[in-house]
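Given next are the chains, with one letter for each unit.
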Amino acid sequence: MKKSILIILALLSTSAIFGQRISIGSEAGFISSINTDYTITDFENRRNTYYSGLNVNYKYNHRLSFTSGIHYLRQGYRHSTCYIFEEGVKNQLTGKIDFLTLPLIANIHIGKSKRFVASVGLLGNYNIKAVQDYPEPIGGCLIGYPEDLTETTQNFGFGGIAGIGYKLFDNDNFEGIFMIKYYQGLSNTFKNPYSFDYDINKRYSSVLSTLTLNYKL
């Protein structure tokens, strides 16, 4: 009987310790993206929008932790068109290439207080939206800009991500972290719709600023 009680207590103790290493949370913020048709400093051609994600974190030790989860990564671009619009309507096309991503990220906690965080990892991407939005034209060119880009974009892709952040607060139940991240696509986003053997060499890069709130289990 005593042996059974000791085994149960040991299992409960192990579960408690393991639970203290796990936290779940969410992150949200601002993302600015562009593709390789433009240079990184072409600010007028960047798509600027929001970013969000859900995380599961595992604390390996005081200096190293790992993060996974599911993120809504909103990529894209902007440019003018050869259409004519009504007076007062801005001549702007916005490409919206959105992904659900599965990250696998390693976090290194730096300094005596461990408040500074450096992150690096990989993302697997699933394309959930590929469209081009622009106002209703009243004339102009006959080239046309397709609204649906599903047939010319890849369903899956992957990329790399790196970031640096600061832990704003950390207590027994919660921690809050502000981070600046850089995402770089490592696979081609677009493909030739007439040939499965040829992919158009176009990739995305993004700068993200996020605020993360984690709850410790």
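See above for the structure.
Because the structure is a prediction, the values reported are computed rather than measured. (Residues numbered from 1 in each chain as written. Predicted model: local features only at pLDDT ≥ 70, side-chain atom pairs only at ≥ 80, totals over all residues. Heavy atoms only, no water.)

**Q** Explain the sheet that holds strand β6 (residues 116-133) here, please?
**A** Paired through backbone hydrogen bonds, the strands of a sheet run either parallel or antiparallel to each other. The strand order around the closed barrel built from eight strands is β1-β2-β3-β5-β6-β8-β9-β10, with neighbouring strands paired in antiparallel fashion. Along the sheet, successive strands turn relative to each other by an average axial angle of 25 degrees, direction set aside. Strand direction decides the pairing type here: strand β2 (residues 47-59) and strand β3 (residues 64-79), joined by eight bridges, are antiparallel. Its bridge partner lying in β3, L54 is registered against I70. (Pairing = 2+ DSSP bridges. Helix = DSSP H or I, 4+ residues; strand = E, 2+ residues; numbered from the N terminus. Axes fitted to C-alpha atoms, helices over the stretch in contact; angles between N-to-C directions.)

**Q** What is the right way to look at the nonpolar core in this model?
**A** Note that soluble globular proteins tend to have their nonpolar side chains buried in a common cluster. Judged by nonpolar contacts, the single largest core of 20 residues is most densely connected at L73, Y77, I97, L149 and L208. Sorting the residues of this core by element identifies β3, β5 (93-110), β6 and β10 (204-216) as the ones contributing at least two each. No other element matches β5, which puts four residues into this core. Those residues in contact with L208, other than ones at most four positions away along the chain, are F30, I31, Y51, L73, M179, I180, K181 and Y183. (Core = buried A, V, L, I, M, F, W, Y, C linked by side-chain atoms within 4.5 Å. Buried < 20%, exposed > 50% of the residue type's maximum accessible area, 1.4 Å probe, protein only. Contact = heavy atoms within 4.5 Å.)

**Q** Explanation requested: the layout of surface pockets in the structure shown.
**A** Remark: the empty space left among the atoms is shown by a probe the size of a water molecule rolled over them. Approximately 510 Å³ is the volume found for the largest pocket. Around the largest pocket, the lining is made up of 31 residues, and of these S65, H109, K167, E175 and I177 lie nearest the centre. Only β1 (22-35), β2, β3, β5, β6, β8 (156-170), β9 (174-185) and β10 provide two or more residues apiece to the lining of the largest pocket. A total of five residues in the lining of the largest pocket trace back to one element, the largest contributor, which is β8. Taken together, the residues that form the lining of the largest pocket break down as eight nonpolar, 14 polar and nine charged. (1 Å grid on protein atoms, 1.4 Å probe; cavity = no way out; pocket = protein on both sides within 12 Å on 5 of 7 lines; lining within 4 Å. Points joined across faces, edges and corners; volume = space filled by probe spheres on them. Nonpolar A, V, L, I, M, F, W, Y, C, P; charged D, E, K, R; others polar.)

**Q** Got a minute to help me understand the side chain of T94 in this structure?
**A** Tracing the sequence through the fold places T94 in strand β5. Setting aside its immediate chain neighbours within four residues, T94 contacts R47, Y77, R78, V131, Q132 and D133.

**Q** When you look at the pattern of salt bridges in this model, what are you seeing that I'm missing?
**A** Enumeration over the complete set of coordinates arrives at eight salt bridges. The residue R74 makes a salt bridge to D98 at a minimum N-O spacing of 3.8 Å. Placement of the pair is R74 in strand β3 and D98 in strand β5, with a sequence separation of 24 residues. One salt bridge connects E175 with K167, and the closest N-O pair in it is separated by 3.4 Å. You can call E175 buried: its relative accessible area is 11%. With relative accessibility at 8%, the residue K167 sits in the buried group. (Salt bridge = Lys/Arg side-chain N within 4 Å of Asp/Glu carboxyl O.)

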